[in-house]
Amino acid sequence: METSNFTTALLQGHSITFPESANTREYAASLDAQDPLAALRADFIIPTKASLAAKSIPVATSTLQTTTLRNDSAQDLTTTTTTTTTTTNNADATTAEDNEPAVYFCGNSLGCQPKAVRTYLAAHLDTWASVGVQGHHHGLTASPLPAWQDLAAQASSQSAAIVGAQPDEVIIMNTLTINLHLMLASFYTPTAQRHKIICEWKPFPSDYYAVESQLRLHGRDPAASLVLVQPDANALIPTAKILAAIDEHADDAALLLLPGIQYYSGQLFDIPRITAYAQARGIMVGWDLAHAAGNVPLKLHDWNVDFAVWCTYKYLNAGPGSIGGCFVHEKHGAVTYSDGVDSVPMFRPRLTGWYGHDKDTRFLMDNKFRPTPGAAGFQCSNPSVVDLASLSGALSVFNKTDMASLRAKSLLLTSYAEFLLDGILERYEGAFTVLTPRNVAERGAQLSVLLRDGLLEKAGDFFKNAGVVCDQRKPGVIRVAPVPIYNNFTDVWKFMEVLEKAISS
Ligand SMILES: *Cc1c(COP(=O)(O)O)cnc(C)c1O
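Parameters and conventions
- Throughout this description, residue numbers start from 1 for each chain and increase along the sequence as written.
- Per-residue local features of the predicted model are confined to residues with pLDDT of at least 70, and side-chain atom pairs are confined, for both listing and counting, to 80 or more; whole-chain, interface and lining totals are unaffected and use all residues.
- Just so you know, side-chain values use all the structure's heavy atoms and leave hydrogens and water out.
- The helix count covers DSSP runs of H or I at least four residues long, the strand count covers runs of E at least two residues long, and both are numbered beginning at the N terminus.
- Two things to know: the radius of gyration comes from C-alpha atoms, and the globule rule equals 2.2 Å times the number of residues to the power 0.38.
- For every residue, the accessible area obtained with a 1.4 Å probe (protein chains only) is divided by the maximum for its type, and the residue is called buried under 20%, exposed over 50%, and partly exposed between those limits.
- Contact criterion: two residues are considered in contact whenever any of their non-hydrogen atoms come within 4.5 Å of each other.
- Each accessible area is a Shrake-Rupley result for a 1.4 Å probe, and residues are judged covered by the shown protein chains and nothing else.
- Residues scored as charged are limited to Lys and Arg (positive) and Asp and Glu (negative), so that His and the chain ends carry no count.
- Taken as the charge location is NZ of Lys, CZ of Arg, CG of Asp or CD of Glu.
- An automatic or database domain assignment supplies the start and end points of every domain.
- Put simply, buried area is the surface a 1.4 Å probe can reach on two separate parts but cannot reach once they are joined, added for both.
- Whenever a nitrogen or oxygen atom comes within 3.5 Å of another N or O atom, the pair is scored as a polar contact, on the condition that within protein one atom can donate a hydrogen and the other can accept it, and that pairs from neighbouring residues in sequence are kept only if both atoms are in side chains.
- To qualify as a nonpolar core, a set must consist of buried Ala, Val, Leu, Ile, Met, Phe, Trp, Tyr and Cys residues joined through side-chain atoms within 4.5 Å.
- UniProt positions are given in the numbering used here, feature names are shortened, and annotations may be inferred rather than shown by experiment.
- Axes here refer to lines fitted to C-alpha atoms; in helices the fit is confined to the stretch in contact. Angles between the N-to-C directions go from 0 to 180 degrees.
- The labels follow the angle: roughly parallel below 35 degrees, roughly antiparallel above 145, roughly perpendicular from 65 to 115, and oblique for the rest.
- Crossing handedness is defined as follows: a turn of the near helix away from the far one that is anticlockwise and smaller than a right angle gives a left-handed crossing, while the clockwise case is right-handed.
- Note on definitions: salt bridges are taken to be side-chain nitrogens of Lys or Arg within 4 Å of carboxyl oxygens of Asp or Glu.
- Residue-level confidence of the predictor is summarised by pLDDT, bounded by 0 at the bottom and 100 at the top.
- Taking the helix axis as origin, the arc is that swept by the directions to the C-beta atoms.
- Nearness of a residue to a molecule or strand requires only that one of the residue's heavy atoms be within 4 Å of it.
- Three categories are distinguished: nonpolar for Ala, Val, Leu, Ile, Met, Phe, Trp, Tyr, Cys and Pro, charged for Asp, Glu, Lys and Arg, and polar for the others, with Gly belonging to the last.
- Helix span, expected: 1.5 Å multiplied by one less than the number of residues in the helix.
- Stacked, edge-to-face and tilted are the three classes for Phe, Tyr and Trp ring pairs, Trp counted by its six-membered ring, which pair at centre distances within 6.5 Å; planes under 30 degrees apart are stacked, over 60 edge-to-face, the rest tilted.
- In our convention, an over-ring charge means Lys NZ or Arg CZ found within 6 Å of a ring centre and within 35 degrees of that ring's normal.

## Observations regarding the overall build of the protein
1) Next: Along the protein, the regular secondary structure elements total 15 helices and 21 strands.
2) Next: At 24 Å, the protein has a C-alpha radius of gyration in line with the 23 Å of a compact globule built from 505 residues.
3) Next: For the protein, the spread of C-alpha atoms along the principal axes amounts to about 80 × 70 × 40 Å.
4) Next: Evaluated residue by residue, the protein yields a buried proportion of 52% over its 505 residues.
5) Next: Residue pairs at least 24 apart in sequence account for 71% of intrachain contacts in the protein once pairs closer than 6 positions are excluded.
6) Next: On the protein, roughly 21900 Å² of surface is accessible, and the fraction owed to carbon and sulfur atoms is 54%.
7) Next: Within the protein, the 49 negative side-chain charges are centred at a point lying 3 Å from the centre of the 38 positive side-chain charges.

Following this line, the structure appears as structure tokens:
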């Protein structure tokens, strides 16, 4: 079945409806059988209940045997990498169920490991071991990786489609918070009149600290220059409230910084509308896409977003603390040169380093900064190839599909979770409230479920015993995030069975 039919069969208006009989494991399995993306699950290593309980690196797990066949020329290296992954549990006898994939619903925090990551990292290590410093400029045949110097550009153009950007508008570098600082250094240019930064009520701590410290570096007091738009009683912020805040500060705000998807509530903001509204009032607009990149379709170029940042370890599965992404709209990345012999480059002011320098003349070491046009001109350092190799491996899986197909499945998967949650609520009134918007257009994969008092720890114990991985935020929120690239409908069904047991016990 086509992806689109798969979704539209059930999609009516702003919500997806399921028949009453959908509350069975068989129904979940029937949705899995029709899922056009089902095969991608096999490209990931999903922890098992047994592996989750491990206290040491499993003895015989993940033995990497690398045979390197070297031809006469050092440039012509053939590497055969065999990865054997056997799951052995050293201590207790495990049941078959213990060795089945766990229900992993934490892709909003750390995505599962794509099998390709190990292959790509091994290829990098083999290259480095074989040709040393020459690896900067010479890729080896039979390697999935290009020369190290070309890797950031390759990962950037592979990421562009995921966020709806032109290839030159994306640069993969640093980590999210550092990229946010680099962007604020360039895009937050307060004047006596316009100095405020508008954010939402509960910025992620790192974003809050970044904004607070940038204000202070400019001699501003956050108490006077930071505007936090408050939610309604349900933790959601209606678009109208954001637009009203923009109007209220239309004369004194310099910058608006919002999350594409709010990490706590799971609310997806109306990025194009808010961006256009703020820009029309002279305000620069940046988005933190930590929870949106790889989760929902984005069109950063067409939406005319000024800048955006994201991490690659949540929905993009590149591994803990992996390298970050950064978008700079093409209108801000231009580099022009003045006429004459001493032709001087003109470009948007920024914090600079040697890797932002145009690649063709980077190694002349003449200390005359000529930035690479586009987002790449915002780089500072030589990027970590370990990080880039890991991301390249993850993207090699991600790019087997596209955001439209992932979103089609995600709409169904999360709506199925919502349908089952509503069933539990009918049986156990008041057990929880779903904070995330009911309108599918205002959310991504995640549903934030606020449990009634005292239920969080109990649910946590049940999850642990059942091998369910799900994020718990005190005082009482669980963030349920079925990820379309590796989760399935049976996962959703199993999760709800465990949750209901916790509620009913
Ligand atoms: C995950 C996340 C971060 C993490 O920042 P790092 O610099 O990668 O540690 C920052 N902001 C938001 C909104 C996030 O969700």
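Still more ground to cover, so stick around.
## A closer look at the domain arrangement of the protein
One frequent convention defines the size of an interface as the accessible area lost when the parts assemble.
1) Next: Here the protein is partitioned into domain 1 (3-40 + 401-504) and domain 2 (150-396).
2) Next: For domain 1 versus domain 2, the separation of C-alpha centres amounts to 31 Å.
3) Next: Listed as interface residues are 18 residues of domain 1 and, on the opposing side, 17 residues of domain 2.
4) Next: Interface area for domain 1 against domain 2, summed over the two sides, is near 1500 Å², with a carbon-plus-sulfur share of 59%.
5) Next: Together, Met 403, Leu 435 and Gln 446 form the three largest contributors to the area buried by domain 1 at its contact with domain 2, with a combined 35%.
6) Next: Here domain 1 is connected to domain 2 by seven residue pairs in polar contact (both at pLDDT 80 or more).

## Examining the nonpolar core
1) Next: By size, the foremost hydrophobic cluster in this structure holds 72 residues, and its most contacted members are Ile 246, Leu 256, Ile 274, Trp 287, Leu 289 and Ile 485.
2) Next: Per element, the largest residue contribution to this core is eight residues, and it comes from helix H12 (residues 385-398).
3) Next: Those residues in contact with Trp 287 that lie beyond four places of it in its chain are Leu 257, Leu 258, Pro 259, Gly 260, Phe 269, Ile 271, Ile 274, Thr 275, Val 305, Phe 307, Ala 308 and Val 309.
4) Next: The next biggest cluster of nonpolar side chains, apart from the first, holds 40 residues, and it includes Tyr 27, Leu 31, Leu 421 and Ala 431.

## Quick notes on the UniProt feature "modified residue: N6-(pyridoxal phosphate)lysine" (unreviewed entry) in the protein
1) Next: The sites that carry the UniProt feature "modified residue: N6-(pyridoxal phosphate)lysine" (unreviewed entry) are, in the present numbering, Lys 314.
2) Next: Its location among the elements puts Lys 314 in the loop between strand S13 (307-310) and strand S14 (325-328).

## So, the packing of helix H14 (residues 455-466) against helix H15 (residues 489-504)
1) Next: Orientation of H14 relative to H15, taken along the N-to-C sense of each, is 135°, at an axis distance of 9 Å. Between H14 and H15, the angle is such that the two are oblique. For the pair H14 and H15, the sense of crossing is right-handed. On the side of H14, the interface is formed by Leu 455, Lys 458, Ala 459, Phe 462, Phe 463 and Ala 466, while H15 contributes Phe 495, Val 498, Leu 499, Lys 501, Ala 502 and Ile 503.

## Let's talk about the pattern of salt bridges
1) Next: A full pass over the atoms with the stated rule returns 16 salt bridges.
2) Next: With its nearest N and O atoms 3.2 Å apart, the salt bridge here joins Arg 473 to Asp 471.
3) Next: A residue is classified by how much of its surface remains accessible, and Arg 473, at 32% relative accessible area, is partly exposed.
4) Next: By relative accessible area, which is 8% here, Asp 471 ends up buried.
5) Next: Salt bridges sharing common partners tie together Glu 418, Asp 422, Arg 438 and Arg 443.

## Some details on the side chain of Asn 488
1) Next: Relative to the helices and strands, Asn 488 is located in the loop between strand S21 (477-480) and H15.
2) Next: In this structure Asn 488 comes out as buried when scored by relative accessible area, which is 14%.
3) Next: Within polar-contact distance, the side chain of Asn 488 engages the backbone nitrogen of Thr 490 at 3.3 Å.
4) Next: If near-sequence neighbours (up to four positions away) are discounted, Asn 488 is found in contact with Asp 32, Arg 41 and Leu 413.

## Here's the deal with the confidence of the model for the protein
1) Next: Taken over all residues, the pLDDT of the protein has a mean of 91, while the share at 70 or more is 90%.
2) Next: Note that pLDDT drops below 50 for residues 62-91; the model gives that stretch 62 contacts with residues more than four away or on any other chain.

## Re helix H10 (residues 271-279)
1) Next: Restricting attention to buried positions, one finds in H10 the residues Ile 271, Ile 274, Thr 275 and Ala 278. Down the axis of H10, the smallest arc covering the buried residues is 100°, so these residues share one side.
2) Next: Tucked into the core, H10 has its buried residues touching helix H9 (239-248), strand S11 (253-259) and strand S12 (284-288).
3) Next: For H10, the N-terminal cap is Asp 270; the gap from its side-chain oxygen to the backbone nitrogen of Arg 273 is 3.3 Å.

## Focus: the site of the ligand
1) Next: Close contacts around the ligand come from Leu 176, Thr 177, Phe 204, Asp 207, Asp 288, Ala 290, His 291, Tyr 313 and Lys 314, and that covers them all.
2) Next: Take Tyr 313: an N or O atom from its side chain is 2.6 Å from an oxygen atom of the ligand.
3) Next: Here the ligand has 390 Å² of accessible area as a free molecule, and 84% of this is covered by the chains.
4) Next: Its residues placed into classes, the shell around the ligand shows four nonpolar, two polar and three charged.

## Comments concerning the environment of Gly 377
1) Next: Secondary-structure assignment places Gly 377 in the loop between strand S16 (345-346) and H12.
2) Next: Spatially, the C-alpha atom of Gly 377 lies 9.1 Å from that of Gly 353, the residues being 24 residues apart in sequence.
3) Next: Not counting residues within four places of it along the chain, the set of residues in contact with Gly 377 comprises Arg 350, Gly 356, Phe 369, Pro 371 and Thr 372.

## Here we look at helix H13 (residues 403-427)
1) Next: When the terminal C-alpha atoms of H13 are compared, their 36 Å separation across 25 residues agrees well with the 36 Å that a helix rising 1.5 Å per residue should span.
2) Next: Of the residues that open H13, the one with a side-chain oxygen 3.2 Å from the backbone nitrogen of Ala 404 is Asp 402.

## A look at the packing of aromatic side chains
1) Next: With the rule as written, the count across this model stands at 16 aromatic pairs.
2) Next: Ring geometry for Trp 354 against Phe 363: centres 5.8 Å apart, planes inclined by 85°, an arrangement best described as edge-to-face.
3) Next: Residue classification places Trp 354 among the partly exposed positions, given a relative accessible area of 40%.
4) Next: Among the aromatic residues, those joined into a cluster by ring pairs are Phe 18, Tyr 27, Tyr 416, Phe 419 and Phe 489.
5) Next: Between the NZ or CZ atom of Lys 202 and the centre of the ring of Tyr 264, over which it lies, the distance is 4.7 Å.
6) Next: Stacked on the ring of Phe 204, the Lys or Arg Lys 314 has its end atom at 5.2 Å from the ring centre.

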